[in-house]
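Below are the chains, spelled out letter by letter.
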Amino acid sequence: MVHLNYMGLSFKDRVYRTTKKIPRGRVATYGQIARLAGNPHAARAVGLFMKTNPHAPIVPCHRVVALNGALTGYSAKGGIKKKKEMLIREGVKFRGDRADLKVSRWKAR
DNA sequence: AAACTGACTTCTC
DNA sequence: GGAGAAGCCAGTT
């Protein structure tokens, strides 16, 4: 087996918890979150969690972007566009339509 | 209830 | 280094 569930939390909860820790003005990638949560290949699942996220205001899902910095989705209204504006407003640097991960990538560990 | 689909990433050739 | 396949979890159909 697999390693035990962290604090009895399901993978899903770990993802949410990790996402919540993303500081303002920073962005994280799906894969990064998945990795921190324990499943390096569950990036897709992470995206799904955001999509159906039951903690909309609690989990800053707008701070989650694709590996290349592209904003691949946003369920709330305004869509990608709005998400981008929000991030910019938080201080995240953008390079065209993609977040500048070089500068704004959340470095957790 | 089973199969498909999706806000993705990593590994291999 | 570009292209293809595999892998992950849960919501929808």
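Please read these numbers as outputs of a predicted model, since none were measured by experiment.

About the thresholds
Residues numbered from 1 in each chain as written. Chains lettered and ligands numbered in written order. Predicted model: local features only at pLDDT ≥ 70, side-chain atom pairs only at ≥ 80, totals over all residues. Heavy atoms only, no water. Near = heavy atom within 4 Å. Polar contact = N/O pair within 3.5 Å; in protein donor to acceptor, adjacent residues only side chain to side chain. Helix = DSSP H or I, 4+ residues; strand = E, 2+ residues; numbered from the N terminus. Nonpolar A, V, L, I, M, F, W, Y, C, P; charged D, E, K, R; others polar. Axes fitted to C-alpha atoms, helices over the stretch in contact; angles between N-to-C directions. Parallel < 35°, antiparallel > 145°, perpendicular 65-115°, else oblique. Left-handed = near helix turned anticlockwise from the far one by under 90°. Contact = heavy atoms within 4.5 Å.

Draft legend 1. View of the protein's contact with DNA strand B. Lining the immediate environment of DNA strand B, one finds 20 residues, of which Gly47, Met50, Lys51, Leu67 and Gly73 sit closest. For DNA strand B, the fraction of protein-proximal atoms (within 4 Å) that sit in sugar or phosphate groups is 49%. Tyr30 is positioned such that a nitrogen or oxygen atom in its side chain is 3.1 Å from a base nitrogen of DNA strand B. The separation between a base nitrogen of DNA strand B and a polar main-chain atom of Met50 is 2.6 Å. Contributions of two or more residues to the surface near DNA strand B are made by helix H2 (30-37) and helix H3 (43-51). In terms of residue count, the dominant contributor to the surface near DNA strand B is H3 (six residues). Of the residues contributing to the surface near DNA strand B, the split by class is nine nonpolar, eight polar and three charged.

Draft legend 2. Quick look at the packing of helix H1 (residues 11-20) against H2. Their axes nearest at 9 Å, the elements H1 and H2 cross at an angle of 120°. Classified by the angle their axes make, H1 and H2 are oblique. Here the hand of the crossing between H1 and H2 comes out right-handed. Along its contact with H1, which presents Phe11, Arg14, Val15, Thr18 and Thr19, the element H2 presents Ile33, Ala34, Leu36 and Ala37. For the contact of H1 with H2, the residue count by class is six nonpolar, two polar and one charged.

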